[in-house]
Amino acid sequence: MKQHIPPPALRKNAGAAAATGARLGWLDALRGFAALVVALHHFNVLRMLPFGGVIRQNFDLGVFGVMLFFIVSGYIIPASLERRGDVRAFWIGRIFRIYPALIVALAASIVMLPAGDGSTSLLRTGDNPASLVANGLMLQDLLGVRNGMNVTWTLCYEMVFYFLVTALFTRGLHRHSGVIAVAFAGAALAIGTTLAPQLLLRELGSVRLLLMIVTPVFLLGLWGVLSGNRKLTGAGALLLGGLGLVLLTLNSRAVSFETLLIPATMFAGTAVHRVQHGRLRRAPALLACGFVVAAGVLVGWLYNRNGVQVHTWTSGWKAFSFSYLAAWVLFGLGFLLRNRRFPKVLTWLGAISFSLYLLHFPLLRTLGPLLGVPPMPSSTLGKFAWTGIFLAVLLAASHVMYRLVELPAQRLGRRVQRAAERRRPSTPSTPSVPAAPATAAAPAAPATAASGPAVILVPRQPDGADRGPASVPAQGGPHSASR
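Here the residue numbering is sequential within each chain, running from 1 through the sequence in written order. Given that this is a predicted model, residues contribute local features only at a pLDDT of at least 70 and side-chain atom pairs are listed and counted only at 80 or more, while totals for whole chains, interfaces and linings are drawn from all residues. To get the side-chain values, all heavy atoms of the structure are used, and hydrogens and water are removed first.

Sorry, what's going on with the overall build of the protein chain here?
Numbering goes from the N terminus for both helices and strands, where a helix is a DSSP run of H or I of at least four residues and a strand is a run of E of at least two. When its secondary structure is counted, the protein chain shows 17 helices and zero strands. The classification of residues rests on relative accessible area computed with a 1.4 Å probe and restricted to protein chains. Under 20% of the type maximum is buried, over 50% is exposed, and intermediate values are partly exposed. Each of the 483 residues in the protein chain was classed as buried or not, and the buried ones make up 55%. Here a residue-residue contact requires only that any non-hydrogen atoms of the pair lie within 4.5 Å. When contacts within the protein chain are restricted to residue pairs at least 6 apart in sequence, those whose partners lie at least 24 apart make up 79%.

Below, the structure is given as structure tokens:
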């Protein structure tokens with residue numbers, strides 16, 4: 001029987017694909033684990049453990065999961081833009097990656113949850129036009145508008161990161177991610193809690209007035225980056241970058257040190273990717289990342305006390321600082337193991353992580369009353385049964401949404417990209433951009449780590465959600481995946 005031996009080129013390509021899959025597997029594993037941790041945080045799993053109260057005093061699962069997401073997002077998202085070298089393709093990919101799943105999840109949560117449930121606020125705020133516009137821009141947490149779904153606050157910071165990365169890329173400044181990370185971390189340390197939240201909104205005195213200013217700027221900037229024209233792309237990117245920076249620094253709902261720590265963390269993740277691929281010198285990059293990690297620990301110790309922890313939805317500085325440090329430790333461990341193959345269940349969990357993140361809270365608030373929770377089951381068997389049912393339904397629903405919504409939307413996005421390129425070929429968005437190595441993540445591949453918003457989060461209590469000890473927890477603030 002003849003044995004078919006593929007040509008050397010095919011064997012080489014197959015080997016490269018396998019290597020890339022293994023390399024991306026560690027990112028998928030981290031994303032999947034982070035999403036599961038956030039879901040268990042809102043599930044209030046610590047309440048079921050014998051020493052859960054002690055753990056909660058010193059460690060916050062929400063901060064840990066959210067910050068791990070932000071690190072992973074910072075690592076891979078700029079790489080996907082630079083690998084393409086095409087701002088329009090990047091933005092089309094991001095739009096079709098995020099919005100379809102988000103719209104389906106919002107619609108499902110509105111149908112599943114009663115009007116009095118504070119974890120879903122879209123069309124339930126008393127000012128529905130403002131709610132629709134702000135959540136449609138995915139900037140609601142920076143505009144003084146309640147999140148359509150409590151967990152979507154993290155997507156606001158993801159969106160601002162896209163703004164900043166695009167602006168830097170079009171100006172040829174994207175290689176300075178280490179310096180940028182240090183600048184944001186230094187600002188977090190220096191400013192602390194000095195700036196009051198939502199300064200712009202306080203000055204303008206009206207959400208609608210703020211929206212009337214922000215919406216045209218956003219749409220004009222988006223039109224520019226989608227135009228395919230180099231000059232318009234650069235102008236649009238600058239508009240979006242400036243808008244993101246202003247909203248981030250002057251109108252966040254979170255305390256300043258936490259708000260500024262998020263982009264510092266994401267750009268530090270970018271620096272890791274750069275040094276890995278030889279685009280940053282190792283010593284400066286390691287110093288930058290070390291400074292960001294130290295700043296994250298220090299801001300918790302310096303500022304997350306004396307009542308401030310109420311605004312970060314943590315128990316104190318230890319919970320904030322230790323959780324932030326742990327996110328970096330786990331990321332570092334994954335990075336060291338990046339060339340190893342990870343179990344398929346972990347990479348699958350990473351693939352469905354965005355759907356899992358969006359669906360876990362509405363499912364929790366729907367299943368709980370159906371099964372008589374709260375109160376929490378008191379017996380060990382009851383706790384295991386409740387946890388098992390929740391996880392089984394969540395994982396099944398997330399897989400279905402991934403297969404029926406996310407994957408088709410990504411394929412549609414790729415068709416839109418090709419159609420846009422045929423109709424109006426894009427010009428290079430920045431001069432002399434070094435191409436990313438072929439082993440960099442491919443954001444369009446559905447099962448890879450680059451296929452979704454790696455951020456999903458820092459916990460924040462859902463707007464208007466009940467907080468009683470007998471209720472199913474609705475945590476989320478700048479520190480719980482549901483800000």
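Next comes the rest of the write-up.
Explanation requested: a positive patch on the surface in the structure shown.
Only residues whose relative accessible area exceeds 30% and that take part in no salt bridge are eligible for patches, with like-charged residues grouped when within 9 Å of each other and nonpolar side chains (Val, Leu, Ile, Met, Phe, Trp, Tyr) grouped when within 5 Å. We get accessible surface area from the Shrake-Rupley algorithm with a probe of 1.4 Å; when it comes to residues, only the shown protein chains can shield them. Definition used for salt bridges: Asp or Glu carboxyl oxygen within 4 Å of a side-chain nitrogen of Lys or Arg. Only four residue types enter the charge count: Lys and Arg as positive, Asp and Glu as negative, with His and the chain ends excluded. The location of each charge is read from NZ of Lys, CZ of Arg, CG of Asp or CD of Glu. A surface patch of positive charge is lined by Arg403, Arg411, Arg415, Arg418 and Arg422. Within the fold, Arg418 resides in helix α17 (residues 380–423).

Which parts of the structure should I look at to understand the layout of surface pockets?
It is the rolling of a water-molecule-sized probe over the atoms that shows where space remains empty. Here the second largest pocket is characterised by a volume of approximately 270 Å³. Think of a 1 Å grid over just the protein atoms. A cavity is a set of points where a 1.4 Å probe fits yet cannot get out, a pocket is an open set with protein on both sides within 12 Å along at least five of seven lines, and lining residues have an atom within 4 Å of a point. Residue lining of the second largest pocket: 14 residues in total, with Val272, Val275, Leu286, Cys289 and Phe335 positioned closest to the centre. Elements supplying a minimum of two residues to the lining of the second largest pocket: α11 (256–276), α12 (282–303) and α14 (317–336). Sort the elements by how many residues they give to the lining of the second largest pocket and α12 lands first, with six residues. Each residue is assigned to one of three groups, with Ala, Val, Leu, Ile, Met, Phe, Trp, Tyr, Cys and Pro labelled nonpolar, Asp, Glu, Lys and Arg labelled charged, and all others, Gly among them, labelled polar. Here the lining of the second largest pocket is composed, by residue class, of nine nonpolar, three polar and two charged. Grid points are joined across faces, edges and corners, and a volume is the space filled by probe spheres set on the points.

Help me out: how do you make sense of the nonpolar core in this one?
A general trend in soluble globular proteins is that nonpolar side chains are found buried together. Throughout, nonpolar core names a set of buried Ala, Val, Leu, Ile, Met, Phe, Trp, Tyr and Cys residues whose side chains join them through atoms within 4.5 Å. Trp91, Leu139, Leu143, Tyr157, Phe267, Phe331 and Leu358 are the most contacted members of the largest nonpolar core, which has 124 residues in total. With 14 residues, helix α3 (residues 61–84) is the single largest residue contributor to this core. Excluding residues within four positions of it along the chain, Leu139 makes contact with Ala134, Cys156, Met159, Val160, Phe163, Val214, Phe218, Leu243 and Leu247.

Got a minute to help me understand the side chain of Asn147 in this structure?
With respect to the helices, strands and loops of the structure, Asn147 is situated in the loop between α5 (128–137) and α6 (153–170). Taking relative accessible area as the criterion, Asn147 reaches 1% and is therefore assigned buried. Two N or O atoms count as a polar contact when they lie within 3.5 Å, although within protein this holds only if one can serve as hydrogen donor and the other as acceptor, and sequence-adjacent residues are included solely when both atoms are side-chain atoms. Of the polar contacts made by the side chain of Asn147, one reaches the side chain of Gln140; its length is 2.8 Å.

Could you clarify how one ought to interpret the packing of α3 against α6 in this entry?
Helix packing geometry: the angle between the two helix axes and the distance between the axes. Interaxial distance between α3 and α6 falls to 11 Å at its minimum, and their mutual angle equals 30°. One finds that α3 runs roughly parallel with respect to α6. When the axes of α3 and α6 are compared, the crossing they make is right-handed. Residues Val66, Phe70, Ser73, Gly74, Ile77, Pro78, Leu81 and Glu82 of α3 form the contact with α6, whose own contacting residues are Trp153, Thr154, Tyr157, Glu158, Phe161, Tyr162, Val165, Thr166 and Phe169. Under this scheme, a helix contributes an axis fitted over its contacting stretch, all axes are lines through C-alpha atoms, and angles between N-to-C directions fall in the 0 to 180 degree range. Here the angle decides the label: under 35 degrees means roughly parallel, over 145 means roughly antiparallel, 65 to 115 means roughly perpendicular, and every other value means oblique. Note on convention: near helix rotated counterclockwise from far helix by under a right angle means a left-handed crossing. Clockwise means right-handed.

What am I meant to see in α3 here?
Structural remark: α-helix, 3.6 residues per turn; residues separated by three or four positions point the same way. The span expected for a helix works out to 1.5 Å for each residue beyond the first. The end-to-end C-alpha distance of α3, which contains 24 residues, comes to 35 Å, matching closely the 34 Å that a straight helix rising 1.5 Å per residue would cover. To get the bend at a given residue, fit one axis to the seven residues ending there, fit another to the seven starting there, and take the angle between those axes. At Ser73, α3 is bent by approximately 25°, the largest bend along its length. For α3, the tally of buried residues reaches 22 of 24 residues, placing the bulk of the element in the interior. Structurally, the start of α3 carries an N-cap: the backbone nitrogen of Gly62 is 2.9 Å from a side-chain oxygen of Asp60. The first or second residue beyond α3 is Gly85, which carries a positive phi of 70°.

What is the right way to look at the pattern of salt bridges in this model?
Where charged atoms from two side chains of opposite charge approach closely, those side chains can pair. On inspection of all chains with the given rule, the structure shows seven salt bridges. Note that Glu406 is salt-bridged to Arg97, the shortest N-O span being 2.4 Å. Here Glu406, found in helix α17, pairs with Arg97, found in helix α4 (residues 87–112); they are 309 residues apart in sequence, far enough to count as distant. Exposure class is identical for Glu406 and Arg97. Each is buried. Here Arg208 and Asp127 are joined by a salt bridge, their closest N and O atoms 2.8 Å apart.

I tried to follow α11 on my own but got confused; where do I start?
Relative to the 30 Å expected for 21 residues at 1.5 Å per residue, α11 spans 31 Å between its end C-alpha atoms, a close match to the ideal helical length. Most of α11 sits inside the fold, with 20 of its 21 residues counted as buried. Following α11 by one or two positions, Gly278 has its phi on the positive side, about 75°.

Please explain the packing of aromatic side chains as it appears in this structure.
The relation between two aromatic rings is expressed through the spacing of the ring centres and the mutual angle of the planes. Each pair of aromatic rings taken from Phe, Tyr and Trp, with Trp reduced to its six-membered ring, is defined by centres within 6.5 Å and is described as stacked if the planes are under 30 degrees apart, edge-to-face if over 60, and tilted in the remaining cases. For the structure shown, the criterion picks out 23 aromatic pairs. An angle of 65° between the planes, with centres 5.9 Å apart, marks the rings of Tyr75 and Phe331 as edge-to-face. Here the residue Tyr75 occupies a position in helix α3, and Phe331 occupies one in helix α14, the gap between them amounting to 256 residues. Here Tyr75 and Phe331 have matching classes, each one buried. Within the aromatic cluster, the residues linked to one another by ring pairs are Trp26, Tyr75, Trp328, Phe331 and Phe335. Lysine NZ or arginine CZ positioned within 6 Å of the ring centre and within 35 degrees of the ring normal marks a charge as sitting over the ring. Taking the ring centre of Phe335 as reference, the NZ or CZ of Arg338 above it sits at 4.0 Å.

Please explain the environment of Asn306 as it appears in this structure.
Turning to its location among the elements, Asn306 is positioned in the loop between α12 and α13 (309–312). Judged by its relative accessible area of 75%, Asn306 is exposed. For the pair Asn306 and Trp317, spaced eleven residues apart in the sequence, the C-alpha separation amounts to 9.6 Å.

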